[in-house]
Amino acid sequence: MKIAVIGANGQLGTDCCEVFAGKHEVVPLTHADIEIADVDSVKKVFEAMKPDAVVCTAAAHNVPKCESEPDVAFRINGIGSLNLAKVSNDLGYKLVQYSTDYVFDGKKMKPYVETDAVFPQSVYAVTKYAGEQLIMNYCTKFYVVRVSGIYGKVPSRAKNHTNFVVNMVNAAKSKPEVRVVNDEVLTPTPTYEIAKSTLSLLETEAYDLYHMTCEGEVSWYEFAKTIFETLNLTTPLYSASVKDFPSVVKRPFYSVLENYNLKKLGLNSLPHWKEALVAFLKENYR
Ligand SMILES: NC(=O)c1ccc[n+]([C@@H]2O[C@H](COP(=O)([O-])OP(=O)(O)OC[C@H]3O[C@@H](n4cnc5c(N)ncnc54)[C@H](OP(=O)(O)O)[C@@H]3O)[C@@H](O)[C@H]2O)c1
C-alpha cells in the first residue's frame, strides 16, 4: 500500500511513519505539505499522490486552547475530518482518523465500548466527536480510532513539545516535590503500540469505529509513580485531587476504553499499560 501520514513530524505521526515503512510505501506529510482544513489543499495533494490509505494524526488538541479558540478547533477537528472524508470518497483511499476517550463523560465507571453513548464535556471533545461523525457519514472506507493518554519518543507538537512522561521527568528535575491527581483514571498508551495496531487494521477491510488503548487502568498519580520508580527519580511525589488544580476544561474522571471491536476481529495485541510504559522508559530514558 501507498500510505500518506498527515502530521508526520508529530508524536503519533513519527511512529506511524516508522512502523508502516517496514511493510509499505510511506509518504510523510507535515503541516507545510497539507492543510486539512482547506479542501483544495487536501484535493491537490491526494489527486497528485493517489494514496491507497491516508492516516491523519493532525488535530487541534491543546485542550485549554480549544476552549479559547473554538472556531479553530472546529475548523481543524471537524471540517478537516469532513474534507478528508469527502476526498476519500472521490479518490477511494482508506482513511484513518484518531479520536479521543474525552468523548465520554466518565460516569459509567466501567470500561467504555464503542457502542456506548457519548457525552463530550469540552470544546475539544465536541469537535473531535463532530469529526468522528462527519467521517462515518461522508466516507465509506474509514477507521475511526479512539486513543487515550498517548506518549511517544517525539513529544506532542500541539502540547508545546511535551507529553505526560516528559512533564514528569522535567518536574522531578526542577521542583522540590511533585503532586499528581489520583482521581482521573484512564489507560495511557504509547504511540508505537498505536501505530502497530493501526497497521494491522489498515490491512483489513473492517471499516468501523475502534477503541485502541493498552490493557488495564491507572490514575495519573499511579502512572507518575511508575515513571518515578522505573527511572529512579527521588523527588517526593504526592497524590492530589482534580479539585486542587482548578481548570477551565471539564475532563472525564474515568475514561478507560475497552478494545471491543479490535478483540472481535482478533486484532487486539496491545500490552498492559505498565508493561508498555516500562518498555518505553527503558528504550528512551536509559
Ligand atoms: N495527547 C493525547 O493524550 C491524546 C489523547 C487522545 C487522542 N489524541 C489524538 O491523537 C492524535 C495525535 O496526537 P499527537 O500528540 O501525535 O499530535 P501532535 O504531536 O500535535 O502532531 C500533530 C501533527 O499534525 C500537524 N497539524 C496540525 N494541524 C494541522 C492541519 N490543520 N493540517 C495539517 N497538519 C496539521 C502538526 O503540525 P504543526 O505542529 O506544524 O502544526 C503536527 O505535525 C490527535 O488526533 C489527538 O487528538 C491525543
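It should be noted that the structure appears before, not after, this text.
Each chain carries its own residue numbering, running from 1 in the direction its sequence is written. At least 70 in pLDDT is required for a residue's local features to be given in this predicted model, at least 80 for side-chain atom pairs to be given and counted, and no such filter applies to totals for whole chains, interfaces and linings, which use all residues. As a convention, hydrogens and water are excluded, and side-chain values are obtained from all of the structure's heavy atoms.

Student: Teacher, can you tell me more about the overall build of the protein here?
Tutor: Each helix and strand counted, the protein has 10 helices and 12 strands in total. In summary, the protein has a C-alpha radius of gyration of 18 Å against a globular reference of 19 Å for 286 residues, a match within 12%. Considered along the principal axes of its C-alpha atoms, the protein spans approximately 55 × 40 × 35 Å. Counting every position in the protein, which comprises 286 residues, the buried fraction comes to 54%. A run of H or I in DSSP counts as a helix once it spans at least four residues, and a run of E counts as a strand once it spans at least two, with each numbered from the N terminus. C-alpha atoms define the radius of gyration, and 2.2 Å times the number of residues to the power 0.38 defines the globule rule. Remark: exposure states derive from per-residue accessible area (1.4 Å probe, protein chains only) relative to the maximum for the residue type, with buried under 20%, exposed over 50%, and partly exposed in between.

Student: Is there a simple way to think about the site of the ligand in this case?
Tutor: Around the ligand, a shell composed of 26 residues is seen, among which N9, L12, H31, E35 and R157 lie nearest. Here an oxygen atom of the ligand and a side-chain polar atom of H31 are 2.7 Å apart. Polar contact is the term for a pair of N or O atoms within 3.5 Å; when the atoms are in protein, one must be able to donate a hydrogen and the other to accept it, and sequence-neighboring residues count only if both atoms are side-chain atoms. Interatomic distance of 2.8 Å between a backbone N/O atom of A158 and an oxygen atom of the ligand. For accessible areas, the Shrake-Rupley method is used with a probe of radius 1.4 Å. Any residue's cover is judged against the shown protein chains and nothing else. Protein contact buries 90% of the 930 Å² of open area that the ligand shows by itself. Elements that contribute at least two residues to the shell around the ligand include exactly α1 (11-21), β4 (94-100) and α5 (123-138). It is β4 that provides the largest number of residues to the shell around the ligand, a total of 3 residues. Of the residues contributing to the shell around the ligand, the split by class is 11 nonpolar, 11 polar and 4 charged. For this purpose, a residue is taken to be near a molecule or strand whenever a single non-hydrogen atom of the residue falls within 4 Å of it. Residues are grouped as follows: Ala, Val, Leu, Ile, Met, Phe, Trp, Tyr, Cys and Pro are nonpolar; Asp, Glu, Lys and Arg are charged; all remaining types, including Gly, are polar.

Student: I tried to follow empty space enclosed by the protein on my own but got confused; where do I start?
Tutor: Over the atoms rolls a probe the size of a water molecule, and in doing so it shows where empty space is left. In the cavity and pocket records, a cavity denotes points on a 1 Å grid over the protein atoms alone where a 1.4 Å probe fits but cannot get out, a pocket denotes an open set with protein on both sides within 12 Å along at least 5 of 7 lines, and lining residues are residues with an atom within 4 Å of a point. Grid points are joined across faces, edges and corners, and a volume is the space filled by probe spheres set on the points. This model, assessed by the stated rule, comprises 2 cavities of 30 Å³ or more. Forming the walls of the largest cavity are D101, Y102, E184, V185, L186, W220, R251, P252 and S255. When the residues that make up the lining of the largest cavity are grouped by side-chain class, the tally is 5 nonpolar, 1 polar and 3 charged. Considering only enclosed or pocket space, the second largest cavity measures out at about 30 Å³ in volume. N77, S81, Q97, Y98, S99, K128, G131 and E132 are the residues that line the second largest cavity. Broken down by secondary-structure element, the contributors of at least two residues to the lining of the second largest cavity are α4 (70-91), β4 and α5.

Student: What's the story with the sheet that holds strand β5 (residues 142-147) in this structure? I'm lost.
Tutor: Sheet strands associate in pairs through backbone hydrogen bonding, adopting either a parallel or an antiparallel arrangement. Paired strands, as defined in this entry, are two strands with at least two bridges between them according to DSSP. Taken together, the 6 strands give an open sheet; going across it, the order is β2-β1-β3-β4-β5-β10, and neighbouring strands pair in parallel fashion. Of all strands in the sheet, those bounded by a partner on one side alone are β2 (25-29) and β10 (208-211). Across the sheet, the axes of successive neighbouring strands diverge by a mean angle of 20°, strand direction being ignored. Judged from the 4 bridges that link them, β5 and β10 form a sheet pairing that is parallel. Residue pairing across strands places V145 opposite Y210, the latter belonging to β10. When checking whether two residues touch, look at their non-hydrogen atoms; a contact exists if any pair is within 4.5 Å. The axes are straight lines fitted to the C-alpha atoms, using for helices just the contacting stretch, and the angles between their N-to-C directions are given from 0 to 180°. This element, α4, spans β1 (2-6), β3 (53-56) and β4 of the sheet and lies at about 160° to β4. α5 rests against β4, β5 and β10 of the sheet, and its axis sits at about 155° to β4.

Student: Quick question: what am I supposed to make of the packing of aromatic side chains here?
Tutor: The geometry of an aromatic ring pair comes down to the distance between the two centres and the angle between the two planes. Any two of the Phe, Tyr and Trp rings considered here, Trp counted by its six-membered ring, make a pair once their centres fall within 6.5 Å; the pair's planes then place it as stacked at under 30 degrees, edge-to-face at over 60, or tilted in between. Tallied over the full model, the rule gives 11 aromatic pairs. Consider the rings of F164 and W220, whose centres lie 4.8 Å apart with planes at 45°: the pair is tilted. You can see F164 sitting in helix α6 (residues 164-174) and its partner W220 sitting in helix α8 (residues 220-230), a full 56 residues away along the chain. Arranged with centres 6.3 Å apart and planes meeting at 55°, the rings of F280 and Y285 form a pair that is tilted. Looking at Y285, the relative accessible area reads 33%, which means it is partly exposed. An aromatic cluster of at least three residues, connected via ring pairs, comprises Y151, F164, W220, F223, W273, F280 and Y285.

Student: Looking at this structure, I do not really get the layout of surface pockets. What am I missing?
Tutor: Looking at the second largest pocket, its volume works out to about 290 Å³. Surrounding the second largest pocket, 17 residues form its lining, Y192, A279, F280, E283 and N284 being those nearest its centre. For the lining of the second largest pocket, the secondary structure elements donating two or more residues are α1, α7 (191-202) and α10 (273-285). By residue number, the principal contributor to the lining of the second largest pocket is α10, which donates 6 residues. Split by residue class, the lining of the second largest pocket holds 8 nonpolar, 3 polar and 6 charged.

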